[in-house]
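The chain contents come next:
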Amino acid sequence: MSRTLLEMKNITKLFPGVRALDNVNIDVKEGEVHAIVGENGAGKSTLMNVLSGVYPYGSYEGTITYDGEECRFSKIRDSEKLGIVIIHQELALVPYLTIGENIFLGNERSNASFINWDATFHEADELLRKVGLLENSRTLIKDISVGKQQLVEIAKALGKNVRLLILDEPTASLNDVDSRKLLDLILLLKKEAGITSIIISHKLEEINYVADRITILRDGSTIETLDKAADDISEPRIVRGMVGREMVDRYPQRNVAIGNECFSVSNWTVRHPVFLDRLVVKNASFNVRQGEIVGFAGLMGAGRSELAKSIFGRAYGHYISGTIFKNGAEIALPSIRRAIENGIAYITEDRKGDGLILSESITENITLAKMDKVTSGIFVDKDLERQSALDYRDKLRIKTPSVEQKVGNLSGGNQQKVLVSKWMFTDPDVLFLDEPTRGIDVGAKYEIYTIMNNLAAAGKAVIMISSDLQEVLGMCDRIYVMYEGRIIGELPREEASQEVIMSLILLASKGA
Amino acid sequence: MKSDLNDPNEIKINQMLSEPSTPGQIKLSLQSEDLERHSPLVTFLNIFQKYSMIISLIVVMLIFGIMTNGVLLAPRNISNLIFQNSFIAILAVGMLICILTGGNIDLSVGSIVGFIGALAGHLMIVEKYPVFISIVICLIAGIGIGIWQGFWIAYIGIPPFITTLAGQLVFRGLTLVILNGLTLAPFPDKFLGLSTGFIPDFFAVGDLNGTALVVGVAAVIAFLGIKIFGRINKINKGYETGNPILFAINLIVISGALLLATFTLAQYRGIPTVLIILAIIVLIYSILTSMTAPGRYLYALGGNEKAARLSGINTKKVMFFAYTNMAFLAAVAGLVFAARLNSASPSAGQNNELDAIASCFIGGASAYGGIGTVGGVLIGAAFMGVVNNGMSILGFEQAAQQVVKGLVLLFFVALDVMTKKKSK
């Protein structure tokens, strides 16, 4: 048995009115990959912020012992000095600096006060090789993909002589291929360099793949720690620990009643808004029927979101060509307003970035996209508006003390429900849901799935874009597969499987 | 009233969605971060944050009142304060609309104030146009300036900071062109009434101005009526209402202040005309920002521009409106200011944009947009006015006044930033 590298004992952290952590205990052994799982709000990120010194010593109760010594970090630098490096979910890279500059940001290679550029880029290149990233360290961060940026973050951590690497939802915005690469890198670092990792993730299959031990948090308390070698760490077992009871199905059952074709798009081509010679969507054609849930699978950057956004009132792209039919008649959607009027809704993948207004209330967010439903003249009928918000709160079970609550104060799952409410409020016939379950916990996912099923059952056409293949397979009646802007396959539910979809993508990538 | 709730299709969804889910469904307990229980500390901070502006205003009035041996609060000086600061308050209301769209400011308003004053001077004094026609031309000119700047900002996408910096230079330059570098004076008497006049008194009550008393009492009764009935209405409809004691204190403080102000004004010459202009503007823009869909769009744009656009809001139009409106209000302020000075001078309005911007931030507007109220901005403008006026009475030099004003602005924004951080 290897020795304990980190021990956090009886950690309690209070926020005004909330006990975010309640006597949490966790120990991490040297050279292991330790996963921390729990639903949103269970206290995972708070715990890591206590560990890394974001919340300084004195603002919490309990002790942290690292490498045999008690630690009292007052700032992040203190923990970094001991080789504890945290990589946050939102990457902390400067887009207009080079990879090399980012790697040594705050840790510059210098002679006296001057930056030694040769050393910077030389050492950066070496670190990049270690993490298996084939990029020149003089490339700007903005020019590489999110997956690669994630690797740069790890290279940056290595540059700080990391011993304990903390990754907060590292694969949240990565596709399956990049996720697997990242997980393999974590395993490699463990084997070759003896680096201990703590990984926080919602994706249980990843945890299964990578973790040696798993600590489960629920409502700010440690529930249990499972050992891969000794315990059952199957997904149902972990979920039981997380939610406190057995969960039978990951995807709710529904009675499929598919009606007539109600929406179709043909020969849809979209150019990149800046690089006009780049075709982001190429000649795509698809259709949806009433009551049907259609999935769009593909790698990150395959053009799925761009397809949906460009249909949604040209919210993306330039020189869009192609035709849209709704209920058999051709319609033109030159603006988002027109798209909303025609019963099209696009529920964005980035709920905080371009979906919700966090500084405003639930009510104000829900009615924003169709204010004319709650206004007479230019005046807002606040009673009617509030009533609508209350209806959606009850229908979608948004957990909030009041609908006047600011959306920024809600958990991810509840924010997602507000976003869905906002678009249901526009009375759409066709809904595009772009990564509707990204970054939300298992329970909330299930509820979102239920809402989707209910929408379909009410005769709406539902189109889901998701990078989570299991989710697409679990939810959709029909699946389109996209690759580099083209639709390369259409599969009915019965014929679809992870293997079939991946092989279609592989075939396309070989230039078939 | 359009309502989808009678649509059979919608009712179907209602039913579908309120049906209990399949047995596999798990029920989650309320998560800690959703609960937002209020500890006494948080409650205190919230109260302080909510009322910090009005508390500060009262404190600063008392301090200067004592330091000036009561001169600051004397009836004559209160009238003076109103004359001096109304046009800044008008500018600040327009500035708030710009700031709401995303922390965007308008640097050109001081120059527009000068330009409109010069135009008014030229039309009335040199060309001898009738007062009314001149005013209309000036207001149209203001809207024209707004359309010009709004076009570059909203439709061409030049950052407001740069567009209005250019405007600052252009309109100051044009002011000099119109005036030939000279000061024009005096304006016709009829025009002066706009700013320096008082509402005529219909019946005096002893030494007091009866009209002012009646209007003041009526305003207080209207205010109390609206507030109390609004609250009863809210309680009946099941809205969340705040602490009743706080509500009562709030009512007492505001009505008390209104009555005191009325009484003070009544002791001098009554209600200044410009106060009526200001009151109308404040009323219109309060309604616009808090009760209408276009007002909601302003906050939405400032809160999250991308989300606003994806919600089908024509963000360019909102931006265009904000800047056109700003120049229009700057024209109103320019006329008020020219009438007060009884002259059109080349340097009129210089640095007024800074006072207006400072009023907004002192009054609680967010430097990132999406947060701020007309009422708050009014308090901010009053605060700046009291500080200015108090220092003048105490004989502070211009240089010292600028230092103090700068520090006051910094202090208030810092206070705002820090209380927000704490309450997180």
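Residues numbered from 1 in each chain as written. Chains lettered and ligands numbered in written order. Predicted model: local features only at pLDDT ≥ 70, side-chain atom pairs only at ≥ 80, totals over all residues. Heavy atoms only, no water.

*Asks:* Honestly, the domain arrangement of chain A in this entry has me stumped. Any pointers?
*Replies:* When the parts of a complex come together, some accessible area is lost, and that lost area is often taken as the interface size. Residue and element names in this part refer to chain A. Domain parsing of chain A yields domain 1 (1–83 + 163–247), domain 2 (93–160) and domain 3 (261–509). Measuring from the centre of the C-alpha atoms in domain 1 to the corresponding centre in domain 2 gives 26 Å. If you look at the interface, domain 1 gives 12 residues, while domain 2 gives 11 residues. With both sides pooled, the region where domain 1 packs onto domain 2 buries about 930 Å², and carbon together with sulfur makes up 71% of that total. Here domain 1 and domain 2 share one salt bridge between them. (Domains from an automatic or database assignment. Contact = heavy atoms within 4.5 Å. Buried area = accessible area lost by both parts, 1.4 Å probe. Salt bridge = Lys/Arg side-chain N within 4 Å of Asp/Glu carboxyl O.)

*Asks:* Sorry, what's going on with the sheet that holds strand S23 (residues 478–483) of chain A here?
*Replies:* Strand pairing within a sheet occurs via backbone hydrogen bonds; the two strands may be parallel or antiparallel. Residues and elements named next belong to chain A. In spatial order, the strands read S18-S21-S22-S15-S23-S24; together these six strands make up an open sheet with mixed pairing. Whereas interior strands pair on both sides, the edge strands pair on one side only; in this sheet they are strand S18 (344–347) and strand S24 (486–492). Looking at each pair of strands side by side, their axes are set apart by 20° on average, direction ignored. When strand S21 (residues 430–434) meets strand S22 (residues 461–465), the two strands line up parallel, connected through five bridges. The partner of Phe432 across the bridge, within S22, is Ile463. In the packing of helix H15 (residues 442–457) onto the sheet, contacts are made with strand S15 (293–298), S21 and S22, and the angle to S22 comes to roughly 150°. (Pairing = 2+ DSSP bridges. Helix = DSSP H or I, 4+ residues; strand = E, 2+ residues; numbered from the N terminus. Axes fitted to C-alpha atoms, helices over the stretch in contact; angles between N-to-C directions.)

*Asks:* Looking at this structure, I do not really get the domain arrangement of chain B. What am I missing?
*Replies:* Residue and element names in this part refer to chain B. The domain architecture assigned to chain B consists of domain 1 (70–197 + 293–424) and domain 2 (199–271). Just the C-alpha atoms count here: the centres of domain 1 and domain 2 sit 27 Å apart. At the junction of the two partners, domain 1 supplies eight residues and domain 2 supplies five residues. Summing both partners gives a buried area of about 520 Å² for domain 1 against domain 2, and 70% of it is carried by carbon and sulfur. It is Pro75, Arg76 and Ser79 that lose the most area in domain 1 upon contact with domain 2, and together they represent 64% of the buried surface on that side. Taken together, the links from domain 1 to domain 2 amount to zero salt bridges.

*Asks:* When you look at the nonpolar core in this model, what are you seeing that I'm missing?
*Replies:* Side chains of nonpolar character tend, in soluble globular proteins, to be buried together. Core analysis: the largest hydrophobic core is formed by 104 residues, its most contacted members being B:Leu91, B:Met95, B:Phe187 and B:Phe191. When residues in this core are grouped by element, the largest group, 17 residues, is from helix H4 (residues 75–100) of chain B. A:Trp268, A:Phe312, A:Val403 and A:Trp423 belong to the second-largest nonpolar core, a separate cluster that totals 84 residues. (Core = buried A, V, L, I, M, F, W, Y, C linked by side-chain atoms within 4.5 Å. Buried < 20%, exposed > 50% of the residue type's maximum accessible area, 1.4 Å probe, protein only.)

*Asks:* So what exactly am I meant to see when it comes to the environment of A:Ser509 here?
*Replies:* Within the fold, A:Ser509 resides in helix H17 (residues 498–509). For the pair A:Ser509 and A:Tyr483, spaced 26 residues apart in the sequence, the C-alpha separation amounts to 7.8 Å.

*Asks:* What's the story with the sheet that holds strand S14 (residues 279–289) of chain A in this structure? I'm lost.
*Replies:* Residues and elements named next belong to chain A. Spatially, the four strands line up as an open sheet ordered S14-S13-S16-S17, and their pairing is antiparallel. Strands with a single pairing partner mark the edges of an open sheet, and in this sheet they are S14 and strand S17 (329–331). For this sheet the average axis-to-axis angle between neighbouring strands, irrespective of direction, equals 15°. Looking at chain direction, strand S13 (residues 261–271) and S14 are connected through seven bridges and run antiparallel. Residue pairing across strands places Arg271 opposite Leu279, the latter belonging to S14.

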